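Listed below, chain by chain, are the residues.
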Amino acid sequence: MFQDILITGLVNGGVYALLAVGFSLIFGVARIVNIAHTAFYMLAAYCFYMLLVQYELHFAIAAPLAVIAVTAFSVLCYRLVIEPLREHESAVLIATIALALIFQEAMLIKFGGNYLGIPSTLDGVAVLAGVTIPYQRILILVVAAAALIGTWLMLYKTRLGLAIRSTANDLEVANLMGMNVHRVAMATVAISVGLASVAGVVVAPVFVVDPLMWLSPLVTMLAIVVLGGLGSLKGSLIGALIIGYVEAITVFALPQGAFLKGAVALSIMVVVLLARPEGLFGVVFEEER
Amino acid sequence: MKMDVVGLWQPSPNATDVTAELSAIDRAGADIVFTLLSGPVGVVVGRQMGERNMKAIAFGINVEAQKDAFWQATAGKANYVATIDTFADVEMTPKTIPFQKAFKARYKKSPIYTAGTYDALHIIKDAIEKAGSTESEKLVPVIEKMSHVGTAGTLEFDKRHDPVWGPGKSTGIAVQWQNGEQVPFWPPNVKGMKPFKMPGK
Amino acid sequence: MYLLKRAWSEIRNEILVLPSRTLVLIWAVSLLLLPQVYGDAYVLRILTMTCLLAIFAASWDLLAGFAGQVNFGHALFFGGGAYASAMASQKLGLSPWITVWIGAAAATLLGLIVGYLCLRLRGSYLSLATLAFPLILIGMLFAFPEASGGELGISGLKRLAVSPTDNYYIAVVLMLVSVFAMWKISDSKFGLVLHAIRDDEVAVRASGINTTRYKLTVFALSALFAGIAGAVYAHYLRVAGPSTLETALSFQVVIWGIFGGVATIYGPVVAVFVLYPLTEWMGSFKGIGEMRLLFFAIIVLLVLLFMPRGLTPWVRDKIETVCPRCKQRNGAWKSQCRLCGAGLKGVLTAPGAIAPR
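Predicted, not measured: the structure shown is a model, and the values here were computed from it.

Scoring rules and cut-offs
- Residues numbered from 1 in each chain as written.
- Chains lettered and ligands numbered in written order.
- Predicted model: local features only at pLDDT ≥ 70, side-chain atom pairs only at ≥ 80, totals over all residues.
- Helix = DSSP H or I, 4+ residues; strand = E, 2+ residues; numbered from the N terminus.
- Rg over C-alpha atoms; globule rule 2.2 N^0.38 Å.
- Buried ≥ 20, exposed ≤ 12 C-beta atoms within 10 Å, placed from the backbone.
- Contact = placed C-beta atoms within 7 Å.
- Domains from an automatic or database assignment.
- Expected span 1.5 Å × (residues − 1).
- Nonpolar A, V, L, I, M, F, W, Y, C, P; charged D, E, K, R; others polar.
- Pairing = 2+ DSSP bridges.
- Axes fitted to C-alpha atoms, helices over the stretch in contact; angles between N-to-C directions.
- Left-handed = near helix turned anticlockwise from the far one by under 90°.
- Core = buried A, V, L, I, M, F, W, Y, C linked by C-beta atoms within 7 Å.
- Right-handed = clockwise from strand over helix to strand, strands pointing away.
- pLDDT = per-residue confidence, 0-100.

K.L.:
Go over the overall build of chain C with me, naming the residues and quoting the values.
P.N.:
Within chain C, the regular secondary structure consists of 16 helices and four strands. Expected size for 357 residues packed as a compact globule is a radius of gyration near 21 Å; at 22 Å, chain C falls within 12% of this value. Taking the principal axes of the C-alpha coordinates as reference, chain C spans close to 75 × 55 × 50 Å. The buried share of chain C, taken over its 357 residues, is 46%. Sequence separation of 24 or more characterises 71% of the internal contacts of chain C that already satisfy a separation of 6 or more.

If you want it as structure tokens, here you go:
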């Protein structure tokens, strides 16, 4: 049982981390609470389904294509919808909710409400320490780790990363130093949604694809991000693992209450917030006066 | 034959992942997973059980597995998943197969339990004609005595106004997914039934 | 006779001088007269729901718009009120006229609890943390299906009144009274402090005001109104189910609030009265009925792009101008302020007036 918890929690935590890190990034840089974040994850899953199952493209072509298409689309959405509203924080918020609803309804009209399945990229199972894990899940873990390491390298080893981090630190000063903060924000949107679409593509073959699939990870993701501290990448990563493990432990310790795992995870978040209102790794930033 | 209940797991109907539950079930050494599932979790359970090559068999009710789209939704992983269903290409009554054909021709998919409304409407129509009234007080005694040969079975009602359940009356049909086909296997002695299959290992 | 005269002069001097107030009066009177003219049960049903949701939306604005506590889980109070009232009615067999108040009290209690838990949270943290509360309550309700009816909820509730017209009047009167009450609260000194808390809590505390007490009070008040709306809604639909606690409902109220214009109280009400019947009406068309949520979202998005501060502030700026000297509002056609006589149309009129922006 112990090894089950260890491995299940790790795999689930990996997927959550992909979502949470992207969300945290865009919040840190542009102060956008992007409710549509997981809706992009859903779009990526549908896009992957369309390319792989309907157009019968090879996996190695369909997956990158889906990620690129959704990322490009997100930049377009940002330019057309979010950028004109940037001064009005509350308007940005419901604009992202409206976008998410539009995506959901568009997919419902295009693909119907059926649950769709995507064939596994890798078939078969591995048995690790007595725990059965399908290869697909190991793939998820590997891809998640690679994407996260890639993001980390990008943030800490490139000039763009430096620009993103400094904009997140202080938008006004970054602007005064001659950085094009709009460009930086746009690049961050692309990276953030890129991570979400990678998650959508690798997860789609394990989960069920349907127009409402963005709602439940949304809540989990928000809980993780708040738990870890808004805008903190390290916090999101650790928060994701905590929630992944809490969910796994709930299922094993309380089998009849498996449906409560979401509520338990949220309660953990509330408890952490009570003790540390800025989350585990959040920085207390002075509210702008 | 003696059976033990090794555990009870209640995933959320919207769960997208039941890995933790399934590993716990594996650990508990279950042979049969008696499913009571409605909602997308039915697809997830079917698929993930297949992917894990679980030795336990899913048997019970899984609304998603009644639908034609189940095989596609599970990406063909849900072999041997069994569920109770309402319609199939078997002669439960002489009306079953014609109804099944007509339904498919019109809606381009097989009927699931919701199509049972067809029989219900016919019962109420017959009752209204017989009683010559639409008042519930007059309809109840008529329906109490009625024996209606419907599309899914022969419907009669007991003292508590529940349908009488059992072979020859109304039972539902047990079906199993076998290589992309929904195969009916129960109740026995009905024309068109095929054998139940066990995972071959 | 004297009273009538007094009332008329009140109406003429306080309401008819401003187009926005005139519109509100016309709207309230037509709501009250509607069933006498056009008693279609379907229309009354839509408007009954609209009224109840309008209370709910306005209560969100009191908390989020005025006090700046942007609640993402406002459905907690709506659903809490609905469930508490339903349980009291079903388990104790009380009349719905009593249980609605039990629901409201339960919601107020929930408001105090959430308010207490969120005292130290700010901005986005508060929003995202509040999102969790309704979901935790759903989890708790599902854990005790005997009491809560599980996923099916508690159904077969008694109605407050039988006929559609009576139900309609209950909802309309309740809506007018609560919205007016909330508007008065927001316009009072209490409301002023809330405004100040939203803009700079530290400064308010430095001025010797107990912000904790104010924040808790506004959480309780907002929850009270949302709870009443939820309880009446449950008895009207005769069911209290998990859908009253869903994230979708919490988002819906945020959309209404921001779409109508925050920190106005009437803004969200207008938004509900525009958006709710509109989506229902779109549903009646065959081709687009299935796409109504899509149209809803597109409309919200387009309106926002043109009126980022929301619908009502935009309309208000079109039909009214603010006097540059005394900050009072005037009809857009006026050239002089009705209260202080300052010129409103640039520098053309009264000398010494400041040109409006």
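K.L.:
I'd love a proper account of the overall build of chain B, names of residues and values included.
P.N.:
Along its length, chain B carries seven helices and seven strands. Each helix and strand of chain B, placed in order from N terminus to C terminus, yields the pattern α-β-α-β-α-α-β-α-α-α-β-β-β-β. C-alpha extents for chain B along the principal axes are approximately 60 × 35 × 35 Å. Relative to its 201 residues, chain B shows a buried fraction of 38%.

K.L.:
I'd like a rundown of the domain arrangement of chain B, residues and numbers included.
P.N.:
Residues and elements named next belong to chain B. Under the domain assignment, chain B is made up of domain 1 (19-86 + 172-186) and domain 2 (96-155). For domain 1 and domain 2, the distance between their C-alpha centres works out to 29 Å. Contacts between the two partners involve four residues from domain 1 and, on the opposite side, seven residues from domain 2.

K.L.:
Kindly report on helix H8 (residues 181-203) of chain A, identifying the contributing residues and their values.
P.N.:
At 3.6 residues per turn, the α-helix brings residues three or four places apart onto the same side. Helix length check: H8 of chain A, at 23 residues, gives a terminal C-alpha distance of 33 Å against a target of 33 Å (1.5 Å per residue), a fit within 8%. Counting buried residues in H8 of chain A gives 17 out of 23 residues, a clear majority hidden from the surface.

K.L.:
Requested: an account of the arrangement of the chains, with residues and values cited.
P.N.:
Of all two pairs of chains sharing an interface, the pair with the highest contact count is chains A and C. At the level of C-alpha atoms, the two units chain B and chain C stay apart, their nearest approach being 10 Å.

K.L.:
Account for the interface of chain A and chain C, naming residues and giving values.
P.N.:
At the junction of the two partners, chain A supplies 36 residues and chain C supplies 35 residues. For the side of chain A that touches chain C, the elements supplying multiple residues, two or more each, are helix H4 (89-111), helix H9 (215-228) and helix H11 (261-275) of chain A. Counting residues per element, the side of chain A that touches chain C draws most heavily on H4 of chain A, which supplies 11 residues. In the side of chain A that touches chain C, the residues fall into 28 nonpolar, five polar and three charged.

K.L.:
Explain the sheet that holds strand S6 (residues 173-178) of chain B to me, using residue names and the numbers behind them.
P.N.:
Residues and elements named next belong to chain B. Strand order across the open sheet formed by three strands is S3-S6-S7, with antiparallel pairing between neighbours. If you trace the sheet from one side to the other, it starts and ends with strand S3 (82-85) and strand S7 (181-186), each paired once. This sheet shows a mean twist of 40° between the axes of neighbouring strands, independent of strand direction. Pairing geometry for S3 and S6, over four bridges, is antiparallel. Residue pairing in the sheet places Asp85 in a bridge with Ile173 of S6.

K.L.:
Which residues make up the packing of helix H3 (residues 59-82) of chain A against H8 of chain A, and what values do they have?
P.N.:
Residue and element names in this part refer to chain A. Two elements in contact, H3 and H8, have axes separated by 8 Å at closest approach and are oriented at 145°. For the pair H3 and H8, the sense of crossing is right-handed. Along the contact surface, H3 presents Ala63, Ala66, Val67, Val70, Thr71, Ser74, Val75 and Tyr78, while H8 presents Met186, Val189, Ala190, Val193, Gly194, Ser197, Val198 and Val201.

K.L.:
Which residues make up the interface of chain A and chain B, and what values do they have?
P.N.:
Facing 30 residues of chain A, the contacting portion of chain B comprises 29 residues. For the side of chain A that touches chain B, the class distribution of residues is 18 nonpolar, 10 polar and two charged.

K.L.:
Tell me about the nonpolar core, residues and numbers included.
P.N.:
Among the nonpolar cores identified, the biggest contains 257 residues, and Ala44, Phe48 and Ile94 of chain A are the most heavily contacted of them. Beyond its immediate chain neighbours, meaning those up to four positions away, Phe48 of chain A contacts Ala62, Ala63, Ala66, Ile118, Gly200, Val201 and Ala204 of chain A.

K.L.:
Got a sec to walk through the packing of helix H1 (residues 2-30) of chain A against helix H5 (residues 135-157) of chain A? Specific residues and values, please.
P.N.:
All names here are of chain A. The N-to-C vectors of H1 and H5 enclose an angle of 35°; their axes lie 9 Å apart at closest approach. In the packing of H1 onto H5, the handedness of the crossing is left-handed. Here H1 contributes Leu10, Val11, Gly14, Val15, Ala17, Leu18 and Val21 to the contact with H5, which in turn contributes Arg137, Ile140, Leu141, Ala144, Ala145, Ala147, Leu148 and Thr151.

K.L.:
Account for the pairing of strand S1 (residues 32-37) of chain B, naming residues and giving values.
P.N.:
Residue and element names in this part refer to chain B. On S1, burial follows the alternation: Val33, Thr35 and Leu37 on one face are buried, whereas Ile32, Phe34 and Leu36 on the facing-out side are not. Pairing of S1 with strand S2 (residues 57-62) involves six bridges; the strand directions are parallel. What sits directly across from Leu37, in S2, is Asn62. Between the parallel pair S1 and S2, the chain is carried across by helix H2 (residues 41-51), and the sense of this crossover is right-handed.

K.L.:
Kindly report on unusual backbone geometry, identifying the contributing residues and their values.
P.N.:
A negative phi holds for most residues other than glycine; trans holds for most peptide bonds. Here the bond from Trp186 of chain B into Pro187 of chain B is cis, since omega is 0°, no more than 30 degrees from zero. Counting through the fold element by element, Pro187 of chain B comes out in the segment after S7. Residue Arg31 of chain A is not a glycine yet carries a positive backbone phi of 55°. With respect to the helices and strands, the residue Arg31 of chain A is situated in the loop between H1 and helix H2 (37-54). The class of Arg31 of chain A is partly exposed, set by 18 C-beta atoms lying within 10 Å. Phi at Lys108 of chain B is positive, roughly 60°, even though this residue is not glycine. Its location among the elements puts Lys108 of chain B in the loop between helix H5 (96-107) and helix H6 (117-131).

K.L.:
For the environment of Phe296 of chain C, give the residues involved together with the corresponding values.
P.N.:
Residue and element names in this part refer to chain C. Summarising the element assignment, Phe296 is placed in helix H15 (residues 292-306). Given 21 C-beta atoms within 10 Å, Phe296 falls into the buried group. Here the alpha-carbon distance between Phe296 and Tyr276, two residues 20 residues apart in the chain, equals 9.3 Å. Once you skip the residues sitting within four places of it in the chain, Phe296 turns out to touch Leu275 and Thr279.

K.L.:
I'd love a proper account of the confidence of the model for chain C, names of residues and values included.
P.N.:
Residue and element names in this part refer to chain C. Residues at a pLDDT of 70 or more form 96% of chain C, whose mean pLDDT is 88. The least confident element of chain C is helix H14 (residues 286-289), whose mean pLDDT is 72; the most confident is helix H11 (residues 211-237), at 95. Low pLDDT (under 50) marks residues 347-357, which in the prediction has 19 contacts with non-local residues, meaning those over four places away or in another chain. For this predicted complex, the interface score ipTM comes out at 0.83, while the overall pTM is 0.85.

K.L.:
Lay out H1 of chain A with the relevant residues and their values.
P.N.:
All names here are of chain A. For H1, spanning 29 residues, the distance from its first C-alpha to its last is 41 Å, which sits close to the expected 42 Å at 1.5 Å a residue. Of all 29 residues in H1, 25 are buried; the element is thus mostly enclosed. Arg31 sits one or two residues past H1 and shows a positive phi near 55°.

K.L.:
How would you explain the environment of Lys110 of chain A if you had to name every residue and give the values?
P.N.:
Residue placement: Lys110 of chain A occurs in helix H4. Sequence separation between Lys110 of chain A and Ala98 of chain A is 12 residues, and the spatial gap between their C-alpha atoms is 18 Å.

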